[in-house]
Amino acid sequence: LHWMVHSFPTRRSSDLWRNQTAIARGVPPYLVMDNRQISDICRICPTTLSAFEQIKGLGAGRSNSYGKEIIEIIRQFGSELTIGGGQDDGQNDGK
């Protein structure tokens, strides 16, 4: 599910991740995570398992199932923001 790395912390991409994860596991999306948990992940962007487990409803079980994957996605997203910085690289200056 690495194709969503670039935009995971957005609500839409988080919902897509949840739906794809649910399909892969053969369970309804709400059993992966509920709407509030997805919103909290997008808002908090946890980068440790401890921080992930502090989100209401995301204890050791979901941490073991999804925590490392979500944290890695968030870390990759953050490093791309840092590398790219959202700044114009000057290659598109209209010349």
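Refer to the preceding data block for the structure.
Every value quoted in this text rests on a predicted model; they were computed, and no experiment measured them.

Asks: Could you clarify how one ought to interpret the side chain of Ser-63 in this entry?
Replies: If you trace the backbone, Ser-63 turns up in helix H5 (residues 60-84). You can call Ser-63 buried: its relative accessible area is 3%. Among all residues touching Ser-63, those that are not within four sequence positions of it are Leu-49, Phe-52, Glu-53 and Lys-68.

Asks: It is not clear to me how the side chain of Arg-18 should be interpreted in this structure. Could you clarify?
Replies: Take Arg-18: it is sitting in helix H1 (residues 11-25). Ignoring any residue separated from it by four or fewer positions in sequence, one finds Arg-18 in contact with Arg-11, Pro-29, Val-32, Met-33, Asp-34, Asn-35 and Ile-38.

Asks: How do you make sense of the environment of Cys-42 when you look at a structure like this?
Replies: Mapped onto the elements of the fold, Cys-42 is located in helix H3 (residues 35-44). Along the sequence, Cys-42 and Ser-13 sit 29 residues apart, while their C-alpha atoms lie 9.7 Å from each other.

Asks: What exactly am I supposed to notice about unusual backbone geometry here?
Replies: Across the chain, the bulk of peptide bonds are trans and the bulk of non-glycine residues have phi less than zero. Of note in this structure, Cys-45 is not a glycine but carries a positive phi near 50°. On the secondary structure map, Cys-45 appears in the loop between H3 and helix H4 (49-53).

Asks: Is there a simple way to explain the pattern of salt bridges in this structure?
Replies: Opposite charge on two side chains permits pairing when their charged atoms draw close. All told, the structure shown has two salt bridges when counted by the stated rule. With a shortest N-O distance of 3.2 Å, Arg-18 and Asp-15 are connected by a salt bridge. Within this pair, Arg-18 and its partner Asp-15 are both found in helix H1, separated by three residues, close to a single helical turn.

Calculation rules
- Residues numbered from 1 in each chain as written.
- Predicted model: local features only at pLDDT ≥ 70, side-chain atom pairs only at ≥ 80, totals over all residues.
- Heavy atoms only, no water.
- Helix = DSSP H or I, 4+ residues; strand = E, 2+ residues; numbered from the N terminus.
- Buried < 20%, exposed > 50% of the residue type's maximum accessible area, 1.4 Å probe, protein only.
- Contact = heavy atoms within 4.5 Å.
- Salt bridge = Lys/Arg side-chain N within 4 Å of Asp/Glu carboxyl O.

Keep in mind these values describe shape, not function.
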